[in-house]
Amino acid sequence: MRVIPNPPALRALSVLLLAVTGASGAAGSALAAGPDFQYVGQDDQVHGLSGPKGCVGAEGGGARAVTNRTHGTATLYRDPHCAGPKVAVLGPGTVTRVRPYFASVRFS
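This is a predicted model, so every value here is computed, not measured.

Calculation rules
Residues numbered from 1 in each chain as written. Predicted model: local features only at pLDDT ≥ 70, side-chain atom pairs only at ≥ 80, totals over all residues. Heavy atoms only, no water. Disulfide = S-S within 2.5 Å. Helix = DSSP H or I, 4+ residues; strand = E, 2+ residues; numbered from the N terminus. pLDDT = per-residue confidence, 0-100. Contact = heavy atoms within 4.5 Å. Polar contact = N/O pair within 3.5 Å; in protein donor to acceptor, adjacent residues only side chain to side chain. Phe/Tyr/Trp six-rings, centres within 6.5 Å; stacked < 30°, edge-to-face > 60°. Buried < 20%, exposed > 50% of the residue type's maximum accessible area, 1.4 Å probe, protein only.

**Some remarks on the state of the cysteines**
Part 1 of the argument: Enumeration over the complete set of coordinates arrives at one disulfide.
Part 2 of the argument: Each sulfur of the disulfide joining Cys 55 and Cys 82 lies 2.1 Å from the other. Given an S-S torsion of about 105°, the disulfide between Cys 55 and Cys 82 has right-handed geometry. Separated by 27 residues along the polypeptide, Cys 55 in strand E3 (residues 54–68) and Cys 82 in the loop between strand E4 (74–79) and strand E5 (83–90) bring together distant segments of the chain.

**Observations regarding the confidence of the model for the chain**
Part 1 of the argument: In this model, the chain carries an average pLDDT of 79, and 69% of its residues clear a pLDDT of 70 or more.
Part 2 of the argument: Highest mean pLDDT in the chain belongs to E4 (97); lowest belongs to helix H1 (residues 7–21) (42).
Part 3 of the argument: Confidence over residues 1–18 falls short of pLDDT 50; this stretch has four contacts with residues more than four positions distant or in other chains.
Part 4 of the argument: Under a pLDDT of 50 for its full length, residues 20–31 has, in the predicted model, seven contacts with residues more than four places off or in other chains.

**Some remarks on the side chain of Asn 68**
Part 1 of the argument: Note that Asn 68 resides in strand E3.
Part 2 of the argument: One polar contact links the side chain of Asn 68 to the main-chain carbonyl oxygen of Leu 90, over a distance of 3.1 Å.
Part 3 of the argument: Asn 68 has contacts with Asp 36, Phe 37, Thr 73, Ala 74, Leu 90, Gly 91, Pro 92, Gly 93 and Thr 94, leaving out every residue within four places of it along the chain.

**Some words on the packing of aromatic side chains**
Part 1 of the argument: Evaluated as defined, the whole model comprises three aromatic pairs.
Part 2 of the argument: Summarising the aromatic geometry, the rings of Phe 37 and Tyr 39 are spaced 6.0 Å apart at their centres and angled 50° between planes, so their arrangement reads as tilted. Pair check on accessibility: Phe 37 and Tyr 39 agree, each one buried.
Part 3 of the argument: Relative to Phe 107, the ring of Phe 37 lies with its centre 5.1 Å away and its plane at 85°, an arrangement referred to as edge-to-face. One end of the pair, Phe 37, is in strand E1 (residues 37–41); the other, Phe 107, is in strand E6 (residues 94–107), and 70 residues separate them in sequence.

Set out below in structure tokens:
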């Protein structure tokens, strides 16, 4: 029995690996040129913020993958207006999964 690789799945895996490792070269430059803070919302859309400051609402309800390319920490909160329990504290350069969701983020 011969196993045939799934090219779309391999491409998706390659893109994910590039994003997580911050690969160098053209792909790394393209990634670095993106938003400072990026996440996938509960609405299945990718949301990005450039130069975020203070408390910011997570449009679309933040969930799943989160990337913090800011120079400070990003504290994720369960409720709007940076209230309620903290979901996670992400240092600069963090790429991670967040479950179940967050409604706002405070940037230091």
